[in-house]
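Here is what each chain is made of, one letter per residue.
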Amino acid sequence: MQEKEAFEILKTYKELVDEVVEESFKKEKELATSLLELLNNWIDLSDLLKLYKDEWFHTLSGSLFVYLWRSYGWIIYEILSGHYFEALKDLRFLFEGAILSLHFEYFIDKKIYEKCKRYGEIGLKVEILELVEDFRRICFSTKDLSKEKYQKSIKKKVRKMIESSSLRAKEKEEYIELYSEILSQPELYWGVGKIIKEFGKEFNLEVGILEKAWSELSGFTHFSSKFLDTILRKPTILWVNDFDEELFKKCVDLQFLTFDLLCTVLAIHFPEIREKIKKILDWWKRNADREFKLIEGVLREID
C-alpha cells in the first residue's frame, strides 16, 4: 500500500467517526458539551502546578493530574465518536490510578517521614513500586506477608539492589533499612478491591459508590458478560461506530465520577487548591445541577 492510499483510508475513517461526533452533539448536546467543560476544569485546577511547583512532580497524584489533560481529551473524543468500550478501558486506568496513587503515597511517605522527616522523591517511589510488583508476583500472591521468611526475602532483595549502587556504605545501610520497612507493610500488596473497601473508609470516601464504579469499569475492560450482553443488544456495535444512548450516558456518568475521585485525591494531597475545587463544584451545581458526592463528603470532613 502506498502512503497516499493509507492517508486516504485514514481520511475516510475519520469522516465516518466525525459523523458519530456530530450525532452525539445532535442527540445529547448538553451532556456532550459538559464533557468538554471538564477540560476547562483541568485548566482551573492547574494552579497547583504553580502552588506546588517544587513538589507536584515528586507525587504520584501530581503526575496523574498532569497526564489527565492528555488523557481526558482523548477519552472525551472516544465517547463522542462511539468508541465506548475503549473509553471505559481508559477511564478504568484513571480510576485505579487515583485510588492507587493515594494509597501508595500514604504508606510510602508515612515511613519516609518517620525516619527522615521529609517526603519521598519520585525516583524512590518508582523503585518501591517496582519492588512491590516483584514481591506481589513472586512471594505474596497466596501467602502471609508477615511471616519472618518473607521479611528476610524483602531485605535480601533490597540489599542486592542497593549494594550495586554508588552510595557510601553508611548510606547503603540506611536505604536498605528504609526500603525494607516500607516494603514490609502488607497494605502495599492489597488489590484495588480491598484498597477501596479498607482504605476508602480511612479517607471518608463513599465506598459503595467506588465499588459500583469499579465493578462497571472492570466489567467492560474484560471479555465479560457485560461486554457480550451489549453485543446481544446491539450486534452492529462490534464493527460499526454508531451512537448508542445507553453506552454514551454510562460513559459520561463514569467520566464525571472519575473526575470526582481525582478531585478528591487532589484535595487530600494538595490542600491549597481546595478553595478552587469548591468553586468548580459550585459552578456545576448552579449551571448543571450536578453533584460530586465523593469530593463533597471529603471536604465536609476536612472542614
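These numbers come from a predicted model, not from an experiment.

Visitor: I'd like a description of the packing of aromatic side chains, backed by residues and values.
Guide: Counted by the stated rule, this structure contains 19 aromatic pairs. Considering the side-chain rings of tyrosine 72 and phenylalanine 259, the 6.5 Å spacing of their centres and the 35° angle between planes classify their relative orientation as tilted. Here the residue tyrosine 72 occupies a position in helix H4 (residues 60–80), and phenylalanine 259 occupies one in helix H12 (residues 245–269), the gap between them amounting to 187 residues. Each of the two residues, tyrosine 72 as well as phenylalanine 259, counts as buried. On the basis of an interplanar angle of 85° and a centroid distance of 5.1 Å, the ring pair of phenylalanine 256 and tryptophan 284 is categorised as edge-to-face. Of this pair, phenylalanine 256 sits in helix H12 while tryptophan 284 is found in helix H13 (residues 274–288), placing the two residues 28 residues apart along the sequence. Since its relative accessible area comes to 3%, phenylalanine 256 is described here as buried. Through a chain of ring-to-ring contacts, the aromatic side chains of Tyr72, Phe256, Phe259, Trp283, Trp284 and Phe292 assemble into a single cluster. One cation-aromatic arrangement involves arginine 290 over phenylalanine 256; the distance from NZ or CZ to the ring centre is 3.8 Å.

Visitor: Break down the pattern of salt bridges for me, with residues and values.
Guide: For the structure shown, the criterion picks out 23 salt bridges. Residue lysine 249 pairs with glutamate 28 through a salt bridge whose shortest N-O separation is 3.7 Å. Of the two residues, lysine 249 is situated in helix H12 and glutamate 28 in the loop between helix H1 (3–27) and helix H2 (29–45); the sequence distance between them amounts to 221 residues. With relative accessibility at 33%, the residue lysine 249 sits in the partly exposed group. Among the charged side chains, a network of salt bridges with common partners joins Arg233, Lys234, Asp242, Asp244 and Glu246.

The rules behind the values
- Residues numbered from 1 in each chain as written.
- Predicted model: local features only at pLDDT ≥ 70, side-chain atom pairs only at ≥ 80, totals over all residues.
- Heavy atoms only, no water.
- Phe/Tyr/Trp six-rings, centres within 6.5 Å; stacked < 30°, edge-to-face > 60°.
- Helix = DSSP H or I, 4+ residues; strand = E, 2+ residues; numbered from the N terminus.
- Buried < 20%, exposed > 50% of the residue type's maximum accessible area, 1.4 Å probe, protein only.
- Lys NZ or Arg CZ within 6 Å of the ring centre and 35° of its normal.
- Salt bridge = Lys/Arg side-chain N within 4 Å of Asp/Glu carboxyl O.

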